[in-house]
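# Examining the three-dimensional arrangement
One letter stands for each residue in the lines below.
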Amino acid sequence: MKKILVTGGLGFIGSHTVVELQNKGFEVVIIDDLSNSKIDVLEKITEITGIKPLFHKIDLRVKADVTSFFDTNKVDGVIHFAAFKAVGESIQKPLAYYENNIGSLVYLLQEMKNRSIDHFIFSSSCTVYGQADALPINENAPIKKAESTYGNTKQIGEEIIAESCKAYNMNAIALRYFNPIGAHESIKIGELPIGVPQNLIPFITQTAAGLRKELSVFGADYDTSDGTAVRDYIHVVDLAKAHIAALERLINKKNKVNFEFFNVGTGIGSSVLEVITAFEKAAGKPLNYKIVDRREGDITAAYADTTTANKELNWKTEKSLDEALAAAWKWQQQQ
Ligand code: WQD
C-alpha cells in the first residue's frame with residue numbers, strides 16, 4: 001500500500017481528496033496547521049471511510065519540523081494543498097503569503113529530493129492565465145502577470161517545481177483548478193469559510209440561510225450573455241478525484257515529461273445569474289440579491305478546455321452544477 005502525505009488535508013479540497021485516496025486504498029498521512037481548518041474534520045473523514053488517517057499538526061514554515069516529519073515517516077508521494085488562499089488578503093500581506101506558500105513548498109521539495117521521494121502533486125490555479133485571450137482556456141494559453149500576490153505564489157510555485165523536476169529528476173503534476181464548490185454527498189465535510197465569504201457559492205448559501213442580508217452581484221455590464229461574469233464551477237469531489245488520477249499517472253510512470261500541468265474544470269462556463277437561478281431551483285426558494293459595481297481585479301470569463309486532462313489523466317467530471325449547488329446548500333443547512 002502506498003503512503004501519501006497530504007498537506008492541508010483538513011481543508012476544503014484536501015479533506016475530499018483524503019477521502020478519495022482512502023477509497024482507492026492509499027494510506028494517508030495528513031499535515032495541517034489548523035490555521036484555516038478544524039480538527040473535527042479528521043473524525044468526519046473517519047466516519048465517511050471507516051479509516052482514521054494519520055495526522056500531524058505541523059507548521060510547514062518551520063523547516064526543522066518538516067525535516068523531523070520526514071525523518072520519522074516514510075512516504076511514497078506528496079499532495080500539497082497547504083497554503084494561504086485569500087486573494088485580497090494576499091495583497092495586504094505579501095510577505096506572509098510568500099513565506100507560507102513559497103517557503104513551505106521549498107522545504108517540502110528539499111526533503112523529497114534528499115530522500116528520493118518522487119511523486120508530487122501541486123494545487124495550482126486558473127488564476128495563472130489571468131483574462132485569457134481565448135475561451136475555453138487550454139494549457140497552452142500564456143501565463144499572464146499575476147493580479148495578486150496569491151496568484152503570483154501559484155506562478156512562482158509552478159516555476160520552482162519545474163526547475164526542481166529538471167535539476168533533480170523528480171516528477172510532479174500541477175493541477176490548475178477552476179472554481180471548486182459543493183460538499184461531500186455524506187454532508188460530513190464541506191467548505192468552512194472564516195468570516196465573510198469572498199467566494200460566490202458560500203456567500204449565496206449563507207444568504208439563503210439568513211446569515212447575510214443579500215448577495216451583491218459584482219457587475220452586470222460584462223461582455224457575456226447576461227452581463228455577469230462567467231466561471232467554471234467544479235464539484236469538489238470531481239476535483240478531488242483528479243488528484244488521484246494525477247498521482248496514479250506518476251506512480252505508473254505514464255507522465256510524458258517530469259513536470260506536467262493540467263486544467264481541472266468542467267469545461268462549462270456559468271454566469272453569476274445562471275448560478276443564482278440554478279441555486280434557487282436547488283434550494284426551492286428565491287435568493288435575495290442586487291446588482292452592484294464590478295469587484296476590482298475580477299476577469300470577465302474563464303472556463304477550462306478539459307480535453308488534455310480528460311485524455312492524459314483518464315479523468316472526467318461526473319457531477320453537474322445543480323448537484324454541486326444542492327450539496328453546498330445541504331452542507332450550509334446542517335452547519
Ligand atoms: C466568482 C464570481 C465574482 C462573490 C476564485 C479565487 C481564485 C481561484 C478561483 C484559487 C465572480 C462573483 C462573487 C460575491 C459575486 N481560486 N461574485 N458576488 O473570483 O472566480 O476566483 O476562485 O486559486 O484565486 O479568487 O471566485 O467565487 O470569488 O467569484 O458576484 O459576493 O462570482 O465577481 O464573477 P473567482 P469567486
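With that settled, consider the layout of surface pockets. When its volume is computed, the second largest pocket comes out at roughly 260 Å³. What lines the second largest pocket is a set of 14 residues, and nearest its centre among them are K24, A245, E248, L313 and N314. Listing elements by their share of the lining of the second largest pocket, those giving two or more residues are α1 (12–23) and α8 (236–251). For the lining of the second largest pocket, the element with the highest residue contribution is α8, accounting for five residues.

What follows is about the packing of aromatic side chains. The relation between two aromatic rings is expressed through the spacing of the ring centres and the mutual angle of the planes. Tallied over the full model, the rule gives four aromatic pairs. Centre to centre, the rings of F69 and F70 are 5.2 Å apart; their planes meet at 90°, and the pair counts as edge-to-face. The burial state of F69 is the same as that of F70; both residues are buried. Taking 5.2 Å as the distance between ring centres and 55° as the angle between the ring planes, the aromatic pair formed by F84 and Y97 counts as tilted. In this pair, F84 sits in the loop between β4 (77–80) and α4 (87–92) while Y97 sits in helix α5 (residues 94–114), placing the two residues 13 residues apart along the sequence. Taking the relative accessible area as the measure of exposure, Y97 reaches 1% and is therefore buried. Geometry around Y222 places R294 over its ring, the cationic atom sitting 3.9 Å from the centre.

We now examine empty space enclosed by the protein. Scanning the entire structure with this criterion turns up two cavities of 30 Å³ or more. Along its surface, the largest cavity is lined by G182, E191, P193, I201, P202, T205, A328, W331 and Q332. Elements supplying a minimum of two residues to the lining of the largest cavity: α7 (200–208) and α11 (321–333). Partitioned by chemical class, the residues of the lining of the largest cavity number five nonpolar, three polar and one charged. Of the voids in this model, the second largest cavity is the one considered here, and its volume is about 50 Å³. Looking at the lining of the second largest cavity residue by residue, the classes come out as four nonpolar, four polar and one charged.

Right, let's get into the site of the ligand. Neighbouring residues of the ligand: 19 residues in total, closest S125, Y150, S216, R231 and D298. With respect to the ligand, the side chain of N179 contributes an N or O atom lying 2.9 Å from an oxygen atom. A distance of 2.7 Å separates a nitrogen atom of the ligand from a polar atom in the backbone of S216. Within the complex, the protein chains bury 89% of what would otherwise be the 680 Å² of accessible surface of the ligand. Within the residue set of the shell around the ligand, elements represented by two or more residues are α7 and β8 (215–218). At four residues, the largest contribution of residues to the shell around the ligand is made by β8. Of the residues contributing to the shell around the ligand, the split by class is 10 nonpolar, six polar and three charged.

Calculation notes
- Residues numbered from 1 in each chain as written.
- Predicted model: local features only at pLDDT ≥ 70, side-chain atom pairs only at ≥ 80, totals over all residues.
- Heavy atoms only, no water.
- 1 Å grid on protein atoms, 1.4 Å probe; cavity = no way out; pocket = protein on both sides within 12 Å on 5 of 7 lines; lining within 4 Å.
- Points joined across faces, edges and corners; volume = space filled by probe spheres on them.
- Helix = DSSP H or I, 4+ residues; strand = E, 2+ residues; numbered from the N terminus.
- Phe/Tyr/Trp six-rings, centres within 6.5 Å; stacked < 30°, edge-to-face > 60°.
- Buried < 20%, exposed > 50% of the residue type's maximum accessible area, 1.4 Å probe, protein only.
- Lys NZ or Arg CZ within 6 Å of the ring centre and 35° of its normal.
- Nonpolar A, V, L, I, M, F, W, Y, C, P; charged D, E, K, R; others polar.
- Near = heavy atom within 4 Å.
- Polar contact = N/O pair within 3.5 Å; in protein donor to acceptor, adjacent residues only side chain to side chain.
- Areas by Shrake-Rupley, 256 points an atom, 1.4 Å probe, with all protein chains shown as cover.

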